[in-house]
Amino acid sequence: MATVTLLSDDALSSEARAVFDDIRATRKSNFINNFWRALAHDPVTLKRTWESLKAVMGPGVLDPKVKEMLYIAVSIAHGCSYCIHSHTASARAKGMTEAELHELLAIVGMAAETNRLVTALGVEVDAEYEVR
């Protein structure tokens, strides 16, 4: 359950409405998810977050599906159920298969395990891995 009301289009300020219009145009969809509707209470944060997300997740060197899969991995690490669900849906829409999802989950699980072990053991970074 949200800690704030989710604003309907009718309740938006003109600044928030402009961001929603850009989200719709960029995504070529009329759907505005609950994250943006919650952020719409603060149009400055809404705009800043949307502009940053649009830049990072937009065209770049990495394939869009790969970007979504990385977002899923980080969302798992941070325990964000909402982000796990929304970016899994987005990755699937960009062509992620069930096999790719399960392999991603195996990697996330393995990394979490080995990260905890190396931290608990206090293992020093090998000199060969240092950036020179």
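Rules and cut-offs
- Residues numbered from 1 in each chain as written.
- Predicted model: local features only at pLDDT ≥ 70, side-chain atom pairs only at ≥ 80, totals over all residues.
- Heavy atoms only, no water.
- Axes fitted to C-alpha atoms, helices over the stretch in contact; angles between N-to-C directions.
- Helix = DSSP H or I, 4+ residues; strand = E, 2+ residues; numbered from the N terminus.
- Parallel < 35°, antiparallel > 145°, perpendicular 65-115°, else oblique.
- Left-handed = near helix turned anticlockwise from the far one by under 90°.
- Contact = heavy atoms within 4.5 Å.
- Salt bridge = Lys/Arg side-chain N within 4 Å of Asp/Glu carboxyl O.

**Description of the packing of helix α1 (residues 14-27) against helix α3 (residues 43-57)**
The interhelical angle for the contact between α1 and α3, taken along N-to-C directions, is 20°, at an axis separation of 9 Å. As judged from the angle between their axes, α1 and α3 are roughly parallel. Both α1 and α3 take part in a crossing whose hand is left-handed. Contacts from Glu15, Ala16, Val19, Phe20, Asp22, Ile23, Thr26 and Arg27 of α1 reach α3 at Pro43, Leu46, Lys47, Trp50, Glu51, Leu53 and Lys54.

**Some words on the pattern of salt bridges**
The tally for this structure, following the rule as stated, stands at seven salt bridges. Residue Glu100 pairs with Lys65 through a salt bridge whose shortest N-O separation is 2.8 Å. Of this pair, Glu100 sits in helix α6 (residues 98-121) while Lys65 sits in helix α4 (residues 64-78); the two residues are 35 residues apart in sequence, bridging distant segments of the chain. A salt bridge links Arg92 to Glu98; the nearest nitrogen and oxygen atoms lie 2.9 Å apart. Members of the salt-bridge network, linked through shared partners, are Asp9, Arg24 and Arg37.

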